[in-house]
Amino acid sequence: HQRPRGRLRHPLQEDVTVALDDHDFWSLFARVLGRPVEPGRYAPADLAAWDSLRHVELVFELEEAFGLNIAQEDIAALYSDTDTVLAYLRERVPR
């Protein structure tokens, strides 16, 4: 069972559209890494805190925050840089 892209289902409400704001991503990203992160282009090699375990945590947080179901093959592709993650979100979450 897959959730619709960009929509959250609350048990007591109808589907709720979740809009993407870049600030939301950067706040979530910093929270997952446990440190402040200024918006920019980063790869895991640039941020020691962005290891494979934190990447899995990031994926779970993105799914929860934006109502996504990120496919296995996409999880690996997103572990490349923040531009790729943002582009992925922009394609799937309304702005």
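In this text, all values refer to a predicted model and were calculated from it rather than measured experimentally. (Residues numbered from 1 in each chain as written. Predicted model: local features only at pLDDT ≥ 70, side-chain atom pairs only at ≥ 80, totals over all residues. Heavy atoms only, no water.)

1. Observations regarding the nonpolar core
Put simply, the test is: The set of buried Ala, Val, Leu, Ile, Met, Phe, Trp, Tyr and Cys residues whose side-chain atoms join them within 4.5 Å is what this entry labels a nonpolar core. Remark: exposure states derive from per-residue accessible area (1.4 Å probe, protein chains only) relative to the maximum for the residue type, with buried under 20%, exposed over 50%, and partly exposed in between. Here a helix means four or more residues in a row that DSSP labels H or I, a strand means two or more in a row labelled E, and each is numbered from the N terminus.
By size, the foremost hydrophobic cluster in this structure holds 26 residues, and its most contacted members are Phe25, Phe29, Leu62, Ile70 and Leu89. Of the residues forming this core, the biggest block, 7 residues, is contributed by helix H1 (residues 22–33).

2. Section: H1
Heads up, the rule is: Under the convention used throughout, the expected extent of a helix is 1.5 Å for every residue step, that is, one less than its residue count. The criterion used for residue contact is that any of the two residues' heavy atoms lie within 4.5 Å. Each polar contact in these results corresponds to two N or O atoms within 3.5 Å; when the atoms are within protein, one needs to be able to donate a hydrogen and the other to accept it, and residues that are neighboring in sequence are counted only if both atoms are side-chain atoms.
With 12 residues, H1 should cover 16 Å at 1.5 Å per step; its first-to-last C-alpha distance of 17 Å lies within 8% of that length. All of the buried residues in H1 are Phe25, Trp26, Leu28, Phe29, Ala30, Val32 and Leu33. Where the residues of H1 are buried, they touch helix H2 (52–66) and helix H4 (82–92). Two or three places before His23, at the start of H1, stands the capping residue Asp21, its side-chain oxygen 2.7 Å from that residue's backbone nitrogen. Looking one or two residues beyond H1, the residue adopting positive phi is Gly34, at roughly 75 degrees.

3. Looking at the environment of Leu62
Within the fold, Leu62 resides in helix H2. The class of Leu62 is buried, set by a relative accessible area of 2%. Residues Leu62 and Phe25 lie 37 residues apart in sequence; the distance between their C-alpha atoms is 8.1 Å. Sequence-distant contacts of Leu62, defined by excluding residues within four places in its chain, comprise Phe25, Leu28, Gly67, Leu68, Ile70, Val85 and Leu89.

4. What to know about the pattern of salt bridges
Put simply, the rule reads: Basic side-chain nitrogens of Lys or Arg form a salt bridge, by our definition, when they fall within 4 Å of a carboxyl oxygen of Asp or Glu.
Counted under the stated rule, the structure contains 5 salt bridges. We note a salt bridge from Arg41 to Asp81, for which the minimum N-O separation is 2.9 Å. Here the residue Arg41 occupies a position in the loop between H1 and H2, and Asp81 occupies one in the loop between helix H3 (72–78) and H4, the gap between them amounting to 40 residues. Taking the relative accessible area as the measure of exposure, Arg41 reaches 56% and is therefore exposed. Because the salt bridges share partners, they merge into one network encompassing Arg41, Asp81 and Asp83.

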